[in-house]
Amino acid sequence: FRFKDSLAEDLWSADLVISHAGAGSCLETLEKGKPLIVVINEKLMNNHQLELAKQLHRDGHVLCCNCSTLVETLQSMDLSTLKPFPPGQPEKFALFLDKVVGFQ
Amino acid sequence: TGGHTTEILRLLSCLSESYSPRHYIFADSDEMSEAKIRSFEQKRSETFSNSQFTLDRIPRSREVRQSWTSSVVTTLYSILYSLPLTYKLKPDLILCNGPGTCVPVCISALLLGLLGVKRAIIVYVESICRVETLSLSGKILYYFSDYFIVQWPDLKEKYPKSVYLGRIV
């Protein structure tokens, strides 16, 4: 398919996700606890989009490769090395904002 | 737009009902945000009975990779448009997370503050996608916001006046 409003269903039933480095795709996949291989195409991407993919890779949450190394990555990957991705904490933001505006 | 809307709704998810009424401002070219916002507010109204919110659209200030000179023109136009809107809403607090759309609104709020009409607190949260560099909106509003929040430690180091709370979306 070319476009769906929500990938949530597909993500829940997947065992492995292979994705481009878009932030939404990466974060949505990691939040559902699915192993993720990010395929980086430096020619197509804004420099800043790479930032998140690189950081996630550094932190051990995703595997990275490019189009030409994808097959090799799939053959040699060890998904057990991937670290779980803890959820963000909007509660911390709420606490901070409450102090800022004076609600306490 | 898209990812920004999702992020900002997550930021709002833990806020108490004291943060009411909520006025959402987004780009006129944005088709998906309205549905996301309504869905968020719908769920919220199931817990908090007196939930109030409004939706307003303004012209998009800048398309991705739009040229510098034409960006200045379109942004000025957006400012002219958002000034009366901001004056009408007179917000106490402005929360934004980086789409170009937020810049004219913040500039309008700053102007209204300078003129003594209404002083809003401007809180800017840089997108989670920004790990090493700030967005253009971020670079501008770093100097004009009251609180500038980043979500990765590298940015806290580069921008010492920023606030780092870890990942909050």
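Calculation notes
Residues numbered from 1 in each chain as written. Chains lettered and ligands numbered in written order. Predicted model: local features only at pLDDT ≥ 70, side-chain atom pairs only at ≥ 80, totals over all residues. Heavy atoms only, no water. Contact = heavy atoms within 4.5 Å. Buried area = accessible area lost by both parts, 1.4 Å probe. Salt bridge = Lys/Arg side-chain N within 4 Å of Asp/Glu carboxyl O. Polar contact = N/O pair within 3.5 Å; in protein donor to acceptor, adjacent residues only side chain to side chain. Helix = DSSP H or I, 4+ residues; strand = E, 2+ residues; numbered from the N terminus. Nonpolar A, V, L, I, M, F, W, Y, C, P; charged D, E, K, R; others polar. Phe/Tyr/Trp six-rings, centres within 6.5 Å; stacked < 30°, edge-to-face > 60°. Buried < 20%, exposed > 50% of the residue type's maximum accessible area, 1.4 Å probe, protein only. Axes fitted to C-alpha atoms, helices over the stretch in contact; angles between N-to-C directions. Parallel < 35°, antiparallel > 145°, perpendicular 65-115°, else oblique. Left-handed = near helix turned anticlockwise from the far one by under 90°. Disulfide = S-S within 2.5 Å. pLDDT = per-residue confidence, 0-100. Pairing = 2+ DSSP bridges. Right-handed = clockwise from strand over helix to strand, strands pointing away.

Undergrad: How would you sum up the interface of chain B and chain A? Please name residues and give values.
TA: Contact with chain B, which involves 28 residues of that partner, is made by 28 residues of chain A. Here chain B packs against chain A, burying approximately 2,500 Å² in sum over the two surfaces, 65% of which is carbon and sulfur. In this structure, the salt-bridge partner of A:Arg58 is B:Glu132, at a minimum N-O distance of 2.9 Å. On the surface where chain B and chain A come into contact, there are nine residue pairs in polar contact (both at pLDDT 80 or more). Looking at the side of chain B that touches chain A, the elements with two or more residues in it are helix H1 (2-12), strand E3 (93-96), strand E4 (121-125) and strand E5 (147-150) of chain B. Considering every element that reaches the side of chain B that touches chain A, the biggest residue donor is E4(B), with three residues. Partitioned by chemical class, the residues of the side of chain B that touches chain A number 20 nonpolar, three polar and five charged.

Undergrad: Now, about the packing of aromatic side chains: what can you tell me, with residues and values included?
TA: The tally for this structure, following the rule as stated, stands at seven aromatic pairs over all chains. Plain terms: the ring middles of A:Phe103 and B:Tyr19 are 5.1 Å apart, the flat faces sit at 80° to each other, and that makes the pair edge-to-face. On the criterion of chain membership, the pair formed by A:Phe103 in the segment after helix H5 (90-101) and B:Tyr19 in the loop between H1 and strand E1 (22-27) is interchain, its members lying in two chains. Look at A:Phe103 and you get partly exposed, because its relative accessible area is 31%. Note on B:Tyr124 and B:Phe148: the rings are 4.9 Å apart at their centroids and 5° apart in plane angle, and the pair reads as stacked. Pair noted here: B:Tyr124 is in strand E4 and B:Phe148 is in strand E5, with a separation of 24 residues, a long-range link.

Undergrad: Provide a residue-level description of the packing of helix H3 (residues 68-89) of chain B against helix H4 (residues 102-114) of chain B, including the pertinent values.
TA: A pair of packed helices is captured by two measures, namely the crossing angle of their axes and the spacing between those axes. Residues and elements named next belong to chain B. Across the interface, H3 lies against H4 with an axial gap of 8 Å and an inter-helix angle of 55°. The angle between H3 and H4 falls in the class oblique. As for how H3 packs across H4, the hand of that crossing is right-handed. Judged by residue contacts, Ser78, Ile79, Ser82, Leu83, Thr86 and Tyr87 of H3 engage Pro104, Val105, Ile107, Ser108, Ala109, Leu111 and Leu112 from H4. Counted by class, the contact of H3 with H4 contains nine nonpolar, four polar and no charged residues.

Undergrad: Lay out the state of the cysteines in plain terms, naming residues and giving numbers.
TA: Residues and elements named next belong to chain A. Following the criterion strictly, the structure yields zero disulfides over all chains and no others. As a non-bridged cysteine, Cys64 has Cys65 as the owner of its nearest cysteine sulfur, 7.4 Å distant. The exposure class of Cys65 is buried, given its relative accessible area of 8%.

Undergrad: How would you summarise the side chain of B:Thr5 if you had to cite specific residues and measurements?
TA: Residues and elements named next belong to chain B. Summarising the element assignment, Thr5 is placed in helix H1. Separated by 2.6 Å, the side chains of Thr5 and Ser33 make a polar contact. Residues within four places of Thr5 in sequence aside, it is in contact with Asp30, Ser33, Lys36 and Ile37.

Undergrad: Describe the confidence of the model for chain B, naming the residues involved and giving the relevant values.
TA: Chain-level statistics for chain B give a pLDDT mean of 92 and a share of 99% at 70 or above. Complex prediction metrics read pTM 0.90 and ipTM 0.92.

Undergrad: Could you give an account of the pairing of E5(B), with specific residues and numbers?
TA: All names here are of chain B. Both E4 and E5 contribute to a ladder of three bridges, which runs parallel. Its bridge partner lying in E5, Val125 is registered against Ile149. Note that E5 and strand E6 (residues 163-164) share two bridges and pair parallel. Directly across from Ile149, in E6, lies its bridge partner Val163. The handedness of the E5 to E6 crossover, carried by helix H6 (residues 153-158), is right-handed.

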